[in-house]
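# Working through the structure, step by step
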Amino acid sequence: MRKCVTVLAALALLLSGCGTPARDLPAPAELFAAVQAQVELPEMIDTAGTELEALTGIGPDSYDSAVCCRLCEGTAPDEIIIVRARDEATAGEIQALLDQRLEYKQESGQLYLTEYQPMLQAGVVRRDGLTVSLIVSGQADEILRVYDGLG
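What this report covers is the structure whose coordinates are included nearby.

Conventions we followed
- Residues numbered from 1 in each chain as written.
- Predicted model: local features only at pLDDT ≥ 70, side-chain atom pairs only at ≥ 80, totals over all residues.
- Heavy atoms only, no water.
- Pairing = 2+ DSSP bridges.
- Helix = DSSP H or I, 4+ residues; strand = E, 2+ residues; numbered from the N terminus.
- Axes fitted to C-alpha atoms, helices over the stretch in contact; angles between N-to-C directions.
- Contact = heavy atoms within 4.5 Å.
- Core = buried A, V, L, I, M, F, W, Y, C linked by side-chain atoms within 4.5 Å.
- Buried < 20%, exposed > 50% of the residue type's maximum accessible area, 1.4 Å probe, protein only.
- Parallel < 35°, antiparallel > 145°, perpendicular 65-115°, else oblique.
- Left-handed = near helix turned anticlockwise from the far one by under 90°.
- Nonpolar A, V, L, I, M, F, W, Y, C, P; charged D, E, K, R; others polar.
- Salt bridge = Lys/Arg side-chain N within 4 Å of Asp/Glu carboxyl O.

### Remarks on the sheet that holds strand β1 (residues 44-46)
- Strand order in the open sheet formed by five strands is β1-β2-β3-β5-β4, and the pairing between neighbours is antiparallel. Only two strands of the sheet have a single neighbouring strand rather than two, namely β1 and β4 (124-128). Here the average twist between neighbouring strands, direction ignored, is 15 degrees.
- Summarising the sheet, strand β2 (residues 63-71) and strand β3 (residues 79-85) pair through seven bridges and their orientation is antiparallel. Each bridged residue has a counterpart across the sheet, and for Cys 69 the counterpart in β3 is Ile 80.
- Sitting on the sheet, helix α4 (residues 88-112) touches β2, β3, β4 and β5 (131-136), and the angle it makes with β5 is about 10 degrees.

### With respect to the nonpolar core
- Within the largest apolar cluster, 20 residues are counted, with the highest numbers of intra-cluster contacts made by Phe 32, Leu 41, Ile 143 and Tyr 147.
- Those elements giving two or more residues to this core turn out to be α2 (28-38), β2, β3 and α6 (140-150).
- Apart from residues lying up to four places away in sequence, Phe 32 is in contact with Leu 41, Met 44, Val 67, Cys 69, Ile 80 and Ile 82.
- In terms of nonpolar packing, the next biggest core, distinct from the first, is built from 19 residues, Ile 58, Ala 66, Val 83 and Val 125 among them.

### Some thoughts on the packing of α2 against α6
- Running from N to C, α2 and α6 point in directions that differ by 120 degrees, and their axes come no closer than 10 Å. With respect to α6, the axis of α2 lies oblique. In terms of crossing hand, the pair formed by α2 and α6 is right-handed. Along its contact with α2, which presents Leu 31, Ala 34, Val 35 and Gln 38, the element α6 presents Ile 143, Val 146, Tyr 147 and Leu 150.
- Of the residues in the contact of α2 with α6, the class split is seven nonpolar, one polar and no charged.

### Quick word on the pattern of salt bridges
- Taken as a whole and assessed by the stated rule, the structure comprises eight salt bridges.
- Among the salt bridges present, the one from Arg 101 reaches Glu 79, with a minimum N-O distance of 2.8 Å. Of this pair, Arg 101 sits in helix α4 while Glu 79 sits in strand β3, and the two are 22 residues apart along the sequence. This pair shows no difference in class: Arg 101 is buried, exactly as Glu 79 is.
- The salt bridge involving Glu 88 is made with Arg 127; its shortest N-O contact spans 2.6 Å. Taken as a pair, Glu 88 in helix α4 and Arg 127 in strand β4 lie far apart in primary sequence, 39 residues in all.
- Given the relative accessible area of 46%, Glu 88 is considered partly exposed.
- Classification of Arg 127 as partly exposed rests on a relative accessible area of 29%.
- Among the ionic contacts, a cluster of salt bridges with common partners joins Glu 51, Arg 70, Glu 79, Arg 101 and Lys 105.

Below is the structure:
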């Protein structure tokens, strides 16, 4: 019996180390600056202060900092949103809202932006600890490599 308990305790410790640890990424503005420094992006403007809540439903009381970068010109669906949530529960809510935003963009693109379907379908919502991101870009793979290099 004692061996069984010891084996189960060891197994529990081993399995607890198998989860993906929460990664500490830089603050959203710093993270976006790192992406811009390493990836050639179209000209974008940060509209977090004016459009983030209207676009996603993410209110200012649910995050510590955020960027919501959209194209300065043109109709391409490029959008990079990075939000540092106040806590774990809020990060989950933000992730759900960004998933909805991505679904909305993908569905809208089927009707209006058919030439951008590959970009929209490659869009991703990613969560790294309290940092939750929506990435819709022709350079999504390169952007994700920057994230991986910082974590």
